[in-house]
Amino acid sequence: MQKRVLENTNADFIAKSSKNGTNSKNTNSKTLRLIYPQWQGGDIATFVPELEAKDVSLGYALGAELLEFLAPKSAKTARMPVSMEYKRESKNGILNYDEILTQTKAALELLEKQNPDKILTLGGECSVSVPPFGYLGHKYKGDVAVVWIDAHKDLNLPGDSYEGYHAMALASCCGLVDKEGIAKILPYHFSPKDCILVGVRDFEGKKERLEEIGVSYLSPENSKAPEKLLQWLKNSGKSKVVVHFDLDVLDPSELVMAVGVVENGLKIAEVLNLINAIHANYELVGLTIAEHLPRVAIKLHNMMRELPLL
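As recorded in an unreviewed UniProt entry, the protein goes by the name Arginase, listed as coming from Campylobacter avium LMG 24591. Entered under Sequence similarities (unreviewed entry) in the UniProt record, the comment concerning the protein runs "Belongs to the arginase family."

Once that is clear, we can look at the packing of aromatic side chains. Tallied over the entire structure, the rule returns four aromatic pairs. Look at Phe133 and Trp148: their rings are 6.1 Å apart centre to centre, the planes differ by 90°, and that puts the pair in the edge-to-face class. Of the two residues, Phe133 sits in helix α4 (residues 130-139) while Trp148 sits in strand β6 (residues 144-149), which places them 15 residues apart along the sequence. No difference in accessibility class separates Phe133 from Trp148, as the two residues are buried. Arranged with centres 5.5 Å apart and planes meeting at 75°, the rings of Phe203 and Tyr217 form a pair that is edge-to-face.

Now for the pattern of salt bridges. Summed over the entire model, instances satisfying the criterion amount to 14 salt bridges. Between Asp160 and Arg209 there is a salt bridge, with its nearest N and O atoms 3.1 Å apart. Of this pair, Asp160 sits in the loop between β6 and α5 (169-173) while Arg209 sits in helix α7 (residues 208-213); the two residues are 49 residues apart in sequence, bridging distant segments of the chain. A single burial state applies to Asp160 and to Arg209, both of which are buried.

This part takes up the side chain of Asp160. Residue classification places Asp160 among the buried positions, given a relative accessible area of 13%. A polar contact is formed between the side chain of Asp160 and the side chain of Arg209, at a distance of 3.1 Å. Look past the residues within four positions of Asp160 in its chain and what remains in contact with it is Lys206 and Arg209.

Turning our attention to the sheet that holds strand β10 (residues 283-290). Overall, parallel pairing links the eight strands, which are arranged β2-β1-β5-β10-β9-β6-β7-β8 in an open sheet. Each edge of the open sheet carries a strand with a single partner, namely β2 (77-79) and β8 (216-218). In this sheet, adjacent strand axes meet at a mean angle of 20° when their direction is disregarded. The sheet contact formed by strand β7 (residues 195-198) and β8 spans three bridges and is parallel. Across the sheet, the residue bridging to Leu197 is Tyr217, located in β8. In this fold helix α2 (residues 53-70) packs onto β1 (31-36), β2, β5 (118-123) and β10, with an angle of close to 130° to the strand it touches most, β5. Here helix α9 (residues 268-281) sits on the sheet in contact with β6, β7, β9 (240-246) and β10, set at roughly 165° to β9.

This next bit is on α9. The end-to-end C-alpha distance of α9 is 20 Å, a good match for the 20 Å that 14 residues give at a rise of 1.5 Å each. Turning to α9, its buried residues are Glu270, Val271, Leu274, Ile275, Ala277 and Ile278. Looking straight down α9, one finds that the buried residues subtend no more than 155° of arc, so they occupy a single side. Within α9, the exposed residues directed more than 90 degrees away from the buried face are Ala269 and Ala280.

Right, let's get into the confidence of the model for the protein. Summary statistics for the protein give a mean pLDDT of 90 and a share of 91% for residues scoring 70 or more. Contacts for the low-pLDDT stretch residues 1-24, under 50 throughout, to residues beyond four places or in other chains number 50 contacts.

A word on the packing of helix α8 (residues 227-236) against α9. Helices that pack against each other are described as a pair by the angle of their axes relative to one another and the distance between those axes. Direction vectors running N to C along α8 and α9 enclose 35°, while the axes themselves pass 10 Å from each other. Every pair of crossing elements has a handedness; the one defined by α8 and α9 is right-handed. Of the residues in α9, those touching α8 at Leu229, Leu230 and Leu233 are Leu274, Ala277, Ile278 and Asn281. Its residues assigned to classes, the contact of α8 with α9 shows six nonpolar, one polar and no charged.

Bringing helix α10 (residues 295-305) into the picture now. Taken together, the buried positions of α10 are Arg295, Ile298 and Asn302. Along α10, the residues classed as buried sweep out an arc of 65° about the axis, all on the same side. Of the surrounding elements, those touching the buried residues of α10 are α2.

Mapped onto the elements of the fold, Asn264 is located in the loop between β9 and α9. Judged by relative accessible area, which is 55%, Asn264 ranks as exposed. Taking C-alpha positions, Asn264 is 9.1 Å from Val249, a pair spaced 15 residues apart along the chain.

Take the pairing of β9 next. Counting buried residues along β9, seven of its seven residues qualify, which places the element largely inside the surrounding structure. Because side chains alternate across β9, one face comprises the buried residues Lys240, Val242, His244 and Asp246, and the other comprises Val241, Val243 and Phe245, equally buried. One ladder, built from seven bridges, connects β9 with β10; its direction is parallel. When the bridges of β10 are listed, Lys240 appears paired with Glu283. For the handedness criterion, the β-α-β arrangement of β9, α9 and β10 is classed as right-handed.

Scoring rules and cut-offs
- Residues numbered from 1 in each chain as written.
- Predicted model: local features only at pLDDT ≥ 70, side-chain atom pairs only at ≥ 80, totals over all residues.
- Heavy atoms only, no water.
- UniProt positions renumbered as here; feature names shortened; annotations may be inferred.
- Phe/Tyr/Trp six-rings, centres within 6.5 Å; stacked < 30°, edge-to-face > 60°.
- Helix = DSSP H or I, 4+ residues; strand = E, 2+ residues; numbered from the N terminus.
- Buried < 20%, exposed > 50% of the residue type's maximum accessible area, 1.4 Å probe, protein only.
- Salt bridge = Lys/Arg side-chain N within 4 Å of Asp/Glu carboxyl O.
- Polar contact = N/O pair within 3.5 Å; in protein donor to acceptor, adjacent residues only side chain to side chain.
- Contact = heavy atoms within 4.5 Å.
- Pairing = 2+ DSSP bridges.
- Axes fitted to C-alpha atoms, helices over the stretch in contact; angles between N-to-C directions.
- Expected span 1.5 Å × (residues − 1).
- Arc of directions from axis to C-beta.
- pLDDT = per-residue confidence, 0-100.
- Left-handed = near helix turned anticlockwise from the far one by under 90°.
- Nonpolar A, V, L, I, M, F, W, Y, C, P; charged D, E, K, R; others polar.
- Right-handed = clockwise from strand over helix to strand, strands pointing away.

Put into structure tokens, the structure is as follows:
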């Protein structure tokens, strides 16, 4: 029997479950939970050879829906419409450029209409941070520092051999990607000196890119306690912070939830300690959880689609 693939992850039972309950830690109506199942920025089929390319790519969308299902519920939620048509075309050095540009515009329009003070984004691949961070940087007139917690640098540029936009996400936040297209529509570009990579350990052969662009970074060893990060934030002079939490920063010996399985990462408790220390000392206005690729759930999804009465 021919294997069926993920075609729609917006299951009714998941959508309905998001309406039930509230999160006592986050009842501010000006905080928006943004469900952003963008998958087009990832080019990851070769990294998950046990699954078909379409399943792997669309698996990011399922990952976003599962994060929404599992997370404590918020009072206000918005869902970013994302095309689930599977096609892979490159333009301007970016895979699925047209879809990403269209969805970035739509996300910015949604945020402008909702006008939140704070945003929790559940993705989706790494580039789901780009529109909400740009919106928040503009809203707070640049008084925002970016803490990018990730195993990878996400500072690729068009023209690099890897064309997945998720590897360009932090560079895009700084306005360095597609200057006549994506960068032009973003309402704010962060200065690289106001950005720090935390937990990075796979530089993908381009460690010098950090120095070229001017982004600070902390190795996993220097990220296990918050002191160095808090000192950097103090030196930044910013009063507000946005945090990008890529699940591949976690040590795979404890939890594998993302595409990346680079050893010697941070423990769950260490990441929680970092983010909660930021929240205790600064105004946390944005938090993204990204790169959730639920391998087991994808396999289970495909198995169940082959069973009768389902």
